[in-house]
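# Fold and geometry: a report
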Amino acid sequence: MHIILLWVVLVVVGLFAVYSVSVFESFWLTLYRVEEWLRAEPTNYFYFFEQLTNIGVWVVMCLLVTLVPWQFIKKMKHVNFLITLAATLLLFTPLAETYKWATAWLDLWFTNIQPGEFFKLGFVFFLGSWLLRKRPVMNELTWYIWFLIITGICYSIFFLIPDLWTVYVLAPVSLLMFWYAWGKKSYIVLTIGMGIGAMFLAATQFDHIRVRLDYYLNPGKYENNRDVGRQNKQALLAIWWWWWVGKWYGKWLQKFGYLPEAQSDFIFAALAEEIGVIGIGIILALYLSLARVVLKKLPTITDEEDQLFVVGLLSLVIMQAFINMGVNMSLLPLTGLTLPFFSHGGSALLVNMTEVILIWKIITKR
């Protein structure tokens, strides 16, 4: 029950965060819709009520998931992978919708979804099952080459979209699962080196990646350019301006149009301005507590395949959280990743909640 309790606390705190930091963005979005005759009047709480609705829908869906026995879900792991893969490939059809640089959404008649988020779940199931089957030969060079080929094919789908942020999560999660399955350390180091090389290669192919990486490595080069690195600069101002206690909840400045995507990608920085380092430390402690509780229960899981699934599912949540925080603090290059349970969203929120529910089901053998 500690897992569910921590999950609920993260979701509730995240909802309060969206309520506070999305006021400005909500007003201007709904004002635009009023001008387009899409709604009657503007509101400061559009993102909050949408997030509240999403949470309500996802809670009902998660409750339905709890009714399905884990053994049945486990038997369907390969089917789940194929379905999520097929959905991701639909991004190369007219159903795809482009936002900024990425074609990462499917425009369905009733909603928009990000199939890449669901692919993460299918990928963990596929990889965990495959690693366990190949454990006797996984440290042989031939198998390692096959590991690179198969995971590389999966990653290449997102390179073509391009949705490189999904790769930023899947790649380290793959390595963590490989390591937990007793993969050779030298192969892990080699893979990390190739991954860094692939990132620089991607920078040569996509201008927005090149600019973001160049700004990360040479921020002084763009000191007089207000457009390049604007999100990073404003995020740092929000985080470090009011160091310990912040300006208190509900009081903010950078989120008032200065910090883009305050309700999603940069909600960590937006919230940091209000609750300070102490408040952010509490949020960080919640994520670490979730990881600690799950890892403490890991040895009690008798099925090795289930253990790999738990490692992968937990890694998806924690890895994405720390990457998002690292970006907000300019410790990592700018990405489009959201903060699990906090950022406004639909598909990502559903997948994050499903990950925790599945971890709970595996540990409790339900």
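Look up: the structure comes first, before these words.
This text gives an overview of the structure that appears in the document. (Residues numbered from 1 in each chain as written. Predicted model: local features only at pLDDT ≥ 70, side-chain atom pairs only at ≥ 80, totals over all residues. Heavy atoms only, no water.)

Before going further, it helps to examine the overall build of the protein. On a plain count of helices and strands, the protein comes out with 14 helices and 3 strands. Taken along the three principal axes of its C-alpha coordinates, the protein extends 60 × 50 × 45 Å. Classification of the 366 residues of the protein by burial places 49% in the buried group. Within the protein, residue pairs in contact and separated by at least 24 positions form 70% of the contacts whose partners lie at least 6 positions apart. Counting only carbon and sulfur atoms, one obtains 69% of the accessible surface of the protein, whose full area is about 17,900 Å². Side-chain charges of the protein comprise 27 positive and 23 negative groups, with the mean position of each set lying 10 Å from the other. (Helix = DSSP H or I, 4+ residues; strand = E, 2+ residues; numbered from the N terminus. Buried < 20%, exposed > 50% of the residue type's maximum accessible area, 1.4 Å probe, protein only. Contact = heavy atoms within 4.5 Å. Areas by Shrake-Rupley, 256 points an atom, 1.4 Å probe, with all protein chains shown as cover. Lys, Arg positive; Asp, Glu negative; His and termini not counted. Charge placed at Lys NZ, Arg CZ, Asp CG, Glu CD.)

Below, the discussion takes up helix α12 (residues 267-297). The end-to-end C-alpha separation of α12 is 31 Å, well short of the 45 Å expected for 31 residues at 1.5 Å each. Where α12 bends most, at Gly276, the angle is about 115 degrees. (Expected span 1.5 Å × (residues − 1). Bend = angle between axes of the 7 residues up to and from the residue.)

Right, let's talk about a nonpolar patch on the surface for a bit. Side chains of Ile192, Ile196, Phe200, Tyr216, Leu217, Leu331 and Leu332 sit close together on the surface and give an oily, nonpolar patch of about 620 Å² of accessible area. Going through the elements one at a time, α9 (185-205) and α10 (207-217) are the ones with two or more residues in the nonpolar patch. A total of 3 residues in the nonpolar patch trace back to one element, the largest contributor, which is α9. Counting through the fold element by element, Leu217 comes out in helix α10. (Patch = residues over 30% accessible without salt bridge, like charges linked within 9 Å, V, L, I, M, F, W, Y side chains within 5 Å. Salt bridge = Lys/Arg side-chain N within 4 Å of Asp/Glu carboxyl O.)

The next subject is the layout of surface pockets. Over the atoms rolls a probe the size of a water molecule, and its path tells where empty space is left. Estimated volume of the second largest pocket: approximately 1,000 Å³. Broken down by secondary-structure element, the contributors of at least two residues to the lining of the second largest pocket are α7 (141-160), α8 (164-180), α9, α10 and α13 (304-328). Here the element with the most residues in the lining of the second largest pocket is α9; it accounts for 11 residues. (1 Å grid on protein atoms, 1.4 Å probe; cavity = no way out; pocket = protein on both sides within 12 Å on 5 of 7 lines; lining within 4 Å. Points joined across faces, edges and corners; volume = space filled by probe spheres on them.)

Moving on: the nonpolar core. Grouped together as the largest cluster of nonpolar side chains are 106 residues, with contacts concentrated most on Ile3, Leu131, Tyr287, Phe341 and Phe342. No other element matches α12, which puts 14 residues into this core. Dropping the residues within four chain positions of it, Ile3 is found in contact with Leu290, Val293, Val294, Val356, Ile359, Trp360 and Ile363. (Core = buried A, V, L, I, M, F, W, Y, C linked by side-chain atoms within 4.5 Å.)

The next point concerns the packing of aromatic side chains. Counted by the stated rule, this structure contains 25 aromatic pairs. Ring centres 4.6 Å apart and planes at 15 degrees place the aromatic pair Phe81 and Phe126 in the stacked group. Separated by 45 residues along the polypeptide, Phe81 in helix α5 (residues 77-89) and Phe126 in helix α6 (residues 115-133) bring together distant segments of the chain. Take Phe81 and Phe126: they sit in the same class, and that class is buried. Measuring from ring centre to ring centre gives 6.1 Å for Phe126 and Trp130, while their planes differ by 10 degrees; the resulting arrangement is stacked. Of this pair, Phe126 and Trp130 both sit in helix α6, 4 residues apart, which is roughly one turn of that helix. Here Trp130 falls in the buried class, since its relative accessible area comes to 6%. Three or more aromatic residues joined by ring pairs form one cluster here, namely Phe81, Phe119, Phe123, Phe126, Trp130, Trp143, Tyr144, Phe147, Tyr155, Phe158, Phe178 and Tyr187. (Phe/Tyr/Trp six-rings, centres within 6.5 Å; stacked < 30°, edge-to-face > 60°.)

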